[in-house]
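Here is how the chains run, residue by residue.
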Amino acid sequence: MKYWLFKSEPDEYGLADLKAEPGHVGRWDGIRNYQARNFLRDQVQLGDGVLFYHSACKIPAVAGTATVAKAAYPDPAQFNPESKYFDPKATADKPRWFCVDIRWQSEFRCPVALKDIKQNPALAEMVLVKQGRLSIQPVTSEEWDIIQQLGR
């Protein structure tokens, strides 16, 4: 089992939106960064843990957790000309973008703010601190445990 941090803007799709989905399962789509796409396509697996991170908001923070409910499959938005995620170079035979489904697992009692993550020496090597703009990023099991403790 691996661990990941997935970033989303809470006014677009937040942890509460995931929890409100039927069965608490939602599609994680719209990824248009090649490094993030490669993580989704090649490494994110069914059952992996996800830290659900709210970005581009007043207090960026890890809001809770989810699990991967369905491994990578072609993002249908890339084929829809009416979607803001449409990609005219993508074809059914050669999709360019992928998504996964995730299932809501928990909401932290205390969201773990980015400023607190940056101030914690045990989290100094976290990808979120080193390469903050990446929307899908790996998390070590030690980082996962620390974030879980801070969220309680």
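Residues numbered from 1 in each chain as written. Predicted model: local features only at pLDDT ≥ 70, side-chain atom pairs only at ≥ 80, totals over all residues. Heavy atoms only, no water.

J.: Please clarify how the nonpolar core should be interpreted in this entry.
T.: When a protein is soluble and globular, its nonpolar side chains tend to lie buried together. Residues Phe-6, Leu-18, Trp-28, Val-100, Ile-102 and Ile-136 are the most contacted members of the largest nonpolar core, which totals 22 residues. Put simply, the parts of the chain that give this core at least two residues each are β1 (3–8), α2 (15–20), α3 (34–42), β3 (49–54), β4 (61–74) and β5 (98–113). Beyond its immediate sequence surroundings of up to four residues, Leu-18 is in contact with Tyr-13, His-24, Val-25, Gly-26, Phe-52, Ala-66, Ile-102, Arg-103 and Trp-104. Membership of the second largest hydrophobic core comes to 15 residues, among which are Leu-5, Tyr-53, Leu-114 and Ile-147. (Core = buried A, V, L, I, M, F, W, Y, C linked by side-chain atoms within 4.5 Å. Buried < 20%, exposed > 50% of the residue type's maximum accessible area, 1.4 Å probe, protein only. Helix = DSSP H or I, 4+ residues; strand = E, 2+ residues; numbered from the N terminus. Contact = heavy atoms within 4.5 Å.)

J.: Would you mind showing me how to read unusual backbone geometry here?
T.: Glycine aside, residues mostly have negative phi, and peptide bonds are mostly found in the trans state. In this structure, His-24 takes a positive phi of about 60° despite not being glycine. Among the secondary structure elements, His-24 is positioned in the loop between α2 and β2 (25–28). Despite not being glycine, Ala-56 shows a phi value in the positive range, around 50°.

J.: How should α3 be read in this particular structure?
T.: For the α-helix, the turn length of 3.6 residues means that residues three or four positions removed from each other point alike. For α3, the set of buried residues is Ala-36, Arg-37, Phe-39 and Leu-40. When α3 is viewed along its axis, its buried side chains cluster within an angular range of 160° and face the same direction. Of the surrounding secondary structure, the elements contacted by the buried residues of α3 are β1, β4, β5 and β6 (136–139). The backbone nitrogen of Gln-35 lies 2.9 Å from a side-chain oxygen of the residue at the head of α3, namely Asn-33. (Arc of directions from axis to C-beta. Polar contact = N/O pair within 3.5 Å; in protein donor to acceptor, adjacent residues only side chain to side chain.)

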